[in-house]
Amino acid sequence: MAALFGAVTVARAQSTTHAARPPSAESRHEMLLIFPFENDSKLASLDWLGEGFSELTAERLEDREVNVLSREDRLATLEHMGLPDSARFSHATIIKIAGEADADDVVYGRFQSDGKTVTVEARVLHLAPPSLSPLLRETSALPDLLRAQARLTWQILCALDRKQCPAQGANTDESSFSEPPPSLRLDAMENFIHGIAGAQDDERMKSLREAARLEPAWDRPAFELGKIYFDKHDCDSALVWYSRVPPNRPDGAEASFDTGVCHLARNDGARAEAAFSGLLERTKRTGERDALPELPEMRNNLGVARVRLGKWNDAAAEFERASALDPEDADYWVNTALAKLIGKQTAVAVAPLERARKIDPDDKEARALLIATLESLGRGPEVAAIRAESPESGDKAALPNIQDAAGLSRLVRVSRSLDRTLLRSGGESPERPAPGKGPHKPAAAETHP
């Protein structure tokens, strides 16, 4: 990326995801991709600062309601393209990466240090229309680095949108951002970066715990710790750390969602219902800072919670709403059918199961449910036709007992993750990616976490 600091001609990268976007400016939200800053000094001990500048810039811009792609988004895009994260990319490659990530703007930079002072430089690359900002620069003593980085963030924000620039004489130091805390310690930041970039979970958790100890008011280490435990299916530990993430923070919605999933895993339907209802309540706050888009994963899991509480009709309504929001996800149709079967509305369960099989013909559970449902209705010829589609399956697989409400409730599928890209962009997307394609596809729904 170092060559980008010279004079360049900006070319517009073409990507299928960008081309599919609606043309109306009012219908989409700008998305920013921030690369790690390059270490142009000879001090390898400061390598962590490259990722640190990227993360700190992202958090402070999010504090000003800028939509920023996460580090995970960037890494997933690079993996999809077969590119290493540690490389210095050419100008053309950066544009290709931005196009693949569906970003509208890019921030990249570098820093130099002699161990006592640090100079940080950045540029903002707009992709449409193509333009490149002037060189943005800040210099400070190492102990004052985070304040210098805050001043640089203000320059980046102005380069992104002149209307966001503070009035002359306004405070543009670290304290002008509410997040992260103005008092943020450099050693806490270093531990945090080691925690998110480390290779081993034990090392990562040790660094994140130290960051949380050094800066207990900073919620980012707590969120990352919660996420590690959540991914390990250790909900008892995950809930402790997630409880330290305020709902209105950038990671708050995901922490609340994962908290609800953990309550489902612990079979605590009431707390799960409260968690997902709280998220959906925020979808009604149009125009407010903590407003959220209505996403099908929220509706689906609220339905699962209500199944656990025996509210079959309410659960079915939530699953139907999830299907309306994302009609190409087979799990929501299967859940709709299960709610109907539990509520003894057997005939009504046929259509959603047929829709699920059309979306995913290899879904063996949906096939078995459909066969059992049709058999109970005496529709033998339709059962024979389905069995004939896969004669090798024969009658080996035991069919579910559709009269067993408790057994059916255990088959209801839980969505384990949110699409953070849609959370940040207000829920607007040209199309949800096909299964297995693109870096932002949420993990598949799971049965009984």
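Right above here is the structure, for reference.
A short tour of the structure in this document, coming up.

Quick word on the overall build of the protein
Here is step 1: Looking only at helices and strands, the protein features 19 helices and eight strands.
Here is step 2: Split into buried and exposed, the 449 residues of the protein put 51% on the buried side.
Here is step 3: Within the protein, contacts between residues at least 6 apart in sequence are counted, and of these 63% link residues at least 24 apart.
Here is step 4: Of the accessible surface of the protein, which amounts to about 20,000 Å², a share of 50% is contributed by carbon and sulfur atoms.

Some thoughts on the pairing of strand 4 (residues 117-127)
Two faces make up the sheet, and in a regular strand the side chains alternate between them.
Here is step 1: Burial analysis of strand 4 places nine of its eleven residues in the buried class, which makes it a mostly covered element.
Here is step 2: With nine bridges connecting them, strand 3 (residues 105-113) and strand 4 associate as antiparallel partners. By the bridge assignment for strand 4, G109 is matched with A122.
Here is step 3: If you look at the hairpin formed by strand 3 and strand 4, you'll find three residues sitting between the two strands, and G115 has a positive phi there, around 95°.
Here is step 4: Note that strand 4 and strand 6 (residues 136-141) share six bridges and pair antiparallel. Along strand 6, the bridge assignment pairs E121 with R137.
Here is step 5: Note that strand 4 and strand 5 (residues 130-132) share three bridges and pair antiparallel. Opposite L125, over in strand 5, you have L132 as the bridge partner.
Here is step 6: The loop that links strand 4 with its antiparallel partner strand 5 comprises two residues.

Considering the environment of R123
Here is step 1: Locating R123 in the fold gives a position in strand 4.
Here is step 2: For the pair formed by R123 and L135, sequence separation is twelve residues and the distance between their alpha carbons is 5.5 Å.
Here is step 3: In this structure the side chain of R123 is engaged in a polar contact, spanning 2.8 Å, whose partner is the backbone oxygen of S133.

Brief notes about the pattern of salt bridges
Here is step 1: Applying the stated criterion across every chain yields a total of 44 salt bridges.
Here is step 2: Where R299 meets E294, a salt bridge forms, and the shortest distance between an N and an O atom there is 2.8 Å.
Here is step 3: Among the residues examined, E294 registers a relative accessible area of 24% and is labelled partly exposed.
Here is step 4: Salt-bridge contacts for E382 lead to R379; the nearest nitrogen and oxygen are separated by 2.7 Å.
Here is step 5: The partly exposed category is assigned to E382, whose relative accessible area is 32%.
Here is step 6: By relative accessible area, R379 is classed as partly exposed at 29%.

Some points on the state of the cysteines
Two cysteines, two sulfur atoms, one covalent bond between them: this is a disulfide.
Here is step 1: With the rule as written, the count across this model stands at two disulfides.
Here is step 2: A disulfide bridge connects C235 with C262, and the sulfur atoms are separated by 2.3 Å. The sign of the -80° torsion about the S-S bond sets the C235-C262 disulfide as left-handed. Here C235 is found in helix 9 (residues 235-242), whereas its partner C262 is found in helix 10 (residues 252-265), with 27 residues between them in sequence. The exposure classification of C235 matches that of C262, with both residues buried.
Here is step 3: Within the protein, bonded cysteines paired by disulfides and numbered along the sequence follow the pattern 1-2, 3-4.

Regarding helix 14 (residues 330-342)
Here is step 1: Taking 1.5 Å of rise per residue, 13 residues should cover 18 Å, and helix 14 covers 19 Å from first to last C-alpha, within 8% of that figure.
Here is step 2: Burial analysis of helix 14 places 13 of its 13 residues in the buried class, the great majority of the element.
Here is step 3: Just beyond helix 14, the residue with positive phi is K344, at close to 65°.

Quick look at the side chain of R204
Here is step 1: Position of R204 among the secondary structure elements: in helix 7 (residues 201-214).
Here is step 2: R204 gets classed as buried once you look at its relative accessible area, which sits at 16%.
Here is step 3: Residue contacts for R204: discarding those within four places in its chain leaves H194, G195, I196, G198 and I228.

A word on the environment of S243
Here is step 1: The residue S243 is located in the loop between helix 9 and helix 10 in this model.
Here is step 2: Among the polar contacts listed, one links the side chain of S243 to the backbone oxygen of V240, at a separation of 2.6 Å.

Comments concerning the packing of helix 9 against helix 10
Here is step 1: Between helix 9 and helix 10, the least distance of the axes is 10 Å, while the angle of their chain directions is 150°. Compared by their axis directions, helix 9 and helix 10 come out roughly antiparallel. By crossing handedness, the relation of helix 9 to helix 10 is classed as left-handed. Across from C235, A238, L239 and Y242 in helix 9, the residues of helix 10 making contact are A255, D258, T259, C262, H263 and A265.
Here is step 2: Residue composition of the contact of helix 9 with helix 10, by class: seven nonpolar, two polar and one charged.

Conventions and cut-offs
- Residues numbered from 1 in each chain as written.
- Predicted model: local features only at pLDDT ≥ 70, side-chain atom pairs only at ≥ 80, totals over all residues.
- Heavy atoms only, no water.
- Helix = DSSP H or I, 4+ residues; strand = E, 2+ residues; numbered from the N terminus.
- Buried < 20%, exposed > 50% of the residue type's maximum accessible area, 1.4 Å probe, protein only.
- Contact = heavy atoms within 4.5 Å.
- Areas by Shrake-Rupley, 256 points an atom, 1.4 Å probe, with all protein chains shown as cover.
- Pairing = 2+ DSSP bridges.
- Polar contact = N/O pair within 3.5 Å; in protein donor to acceptor, adjacent residues only side chain to side chain.
- Salt bridge = Lys/Arg side-chain N within 4 Å of Asp/Glu carboxyl O.
- Disulfide = S-S within 2.5 Å.
- Expected span 1.5 Å × (residues − 1).
- Axes fitted to C-alpha atoms, helices over the stretch in contact; angles between N-to-C directions.
- Parallel < 35°, antiparallel > 145°, perpendicular 65-115°, else oblique.
- Left-handed = near helix turned anticlockwise from the far one by under 90°.
- Nonpolar A, V, L, I, M, F, W, Y, C, P; charged D, E, K, R; others polar.

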